[in-house]
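The lines below spell out each chain.
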Amino acid sequence: GTQTNVGSFPANMALSPDAKWIAVTDTGYRQQLSILSAQDGHLVAQLPFNPAAGNRNDGASLYFGLAFAPSSGKRNDIATLYVSRGPEDKVSVFNLDAEGKLSPAARTLDDPSGVTDATQKPVSNFIAGLALDSKGARLFAVHNETSAYTGQKGSVSIIDVAGNRVLGRVQTAAFPYAVAAVTIGESMDKKVYVSSERDGVVSVLDVADPANAHMVR
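My aim in this report is to walk through the structure given alongside it, one point at a time.

Cut-offs used in this document
Residues numbered from 1 in each chain as written. Predicted model: local features only at pLDDT ≥ 70, side-chain atom pairs only at ≥ 80, totals over all residues. Heavy atoms only, no water. Helix = DSSP H or I, 4+ residues; strand = E, 2+ residues; numbered from the N terminus. Buried < 20%, exposed > 50% of the residue type's maximum accessible area, 1.4 Å probe, protein only. Contact = heavy atoms within 4.5 Å. Pairing = 2+ DSSP bridges. Axes fitted to C-alpha atoms, helices over the stretch in contact; angles between N-to-C directions. Phe/Tyr/Trp six-rings, centres within 6.5 Å; stacked < 30°, edge-to-face > 60°. Salt bridge = Lys/Arg side-chain N within 4 Å of Asp/Glu carboxyl O.

**Some words on the overall build of the protein chain**
When helices and strands are counted, the protein chain shows zero helices and 16 strands. Referenced to the eigenvectors of the C-alpha coordinate spread, the extents of the protein chain come out at roughly 45 × 45 × 35 Å. Every one of the 217 residues in the protein chain was classed for burial, and the buried ones make up 46%. Taking the contacts inside the protein chain whose residues are at least 6 apart along the sequence as the reference set, 41% of them involve residues at least 24 apart.

**Description of the side chain of Asn125**
Relative to the helices and strands, Asn125 is located in the loop between β8 (102-110) and β9 (127-132). For Asn125, the residues in contact, after removing those within four places along its chain, are Asp89, Asp111, Pro112, Ser113, His143, Asn144, Glu145 and Arg169.

**Some points on the sheet that holds β8**
Taking strand neighbours across the sheet as the criterion, the four strands line up as β5-β6-β7-β8 in an open arrangement whose pairing is antiparallel. Taken across any chain shown, the strands that pair with only one partner, and hence form the sheet edges, are β5 (66-68) and β8. Between one strand and the next, the sheet's axes are offset by a mean angle of 25°, whatever the strand orientation.

**Some points on the packing of aromatic side chains**
Scanning the entire structure with this criterion turns up three aromatic pairs. With 6.0 Å between their ring centres and 75° between their planes, Tyr63 and Tyr177 make a pair best called edge-to-face. Here Tyr63, found in the loop between β4 (43-48) and β5, pairs with Tyr177, found in strand β13 (residues 176-181); they are 114 residues apart in sequence, far enough to count as distant. Taken individually, Tyr63 and Tyr177 each receive the classification buried, so the pair is uniform in this respect. Aromatic ring contacts, followed pair by pair, group Tyr63, Phe64, Phe126 and Tyr177 into a single cluster.

**Observations regarding the pattern of salt bridges**
Using the criterion set out here, one finds five salt bridges in the structure. Residue Asp160 pairs with Arg165 through a salt bridge whose shortest N-O separation is 3.4 Å. Look at Asp160 and you get buried, because its relative accessible area is 16%. Arg198 is paired through a salt bridge with Asp199; the nearest N and O atoms lie 2.8 Å apart.

Next comes the structure, spelled out in structure tokens:
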């Protein structure tokens, strides 16, 4: 079959709301955010996140999280794509036009952990999976970081997209990775499901009230 170069260690894909484009993110050495045609898989757009001059500590990172905002339903709508930046504790926002071209939006979402290690160095949340509520107003950002500094637990932030502020945070099983938000039915915008790499479980979160979000099981 035909192969398309999307960088090192492709980790996740997300289909655009109009089903025309596929976003791909990497976690390897050659990190790139790629847009492919859903029809035939050819490369349409690509943004590199490679460390400058091979420096692995310059802070340019991608990770697992990808999430498209819900479509407005308008013809030739500009799609909004959220991309996790892993150890940088932020989520980049991109616009994807009707031709599959990517451009940075004029905002970035911040999700600092507020936790420090024994030397007072900040401990990263290491943002992994991303999901949005039914209106695209709240972003659920998974924190893969699990250590003694986090009580050997992971967590999920609930972020107000318009205001770039964390509305709430809920603890999960260790090393959470992927997340799925319920956007239809009775549990719409009330429940979120989060997988755990280490514990082999799926945590069920009640997020109806972000300030009092909690794990149901």
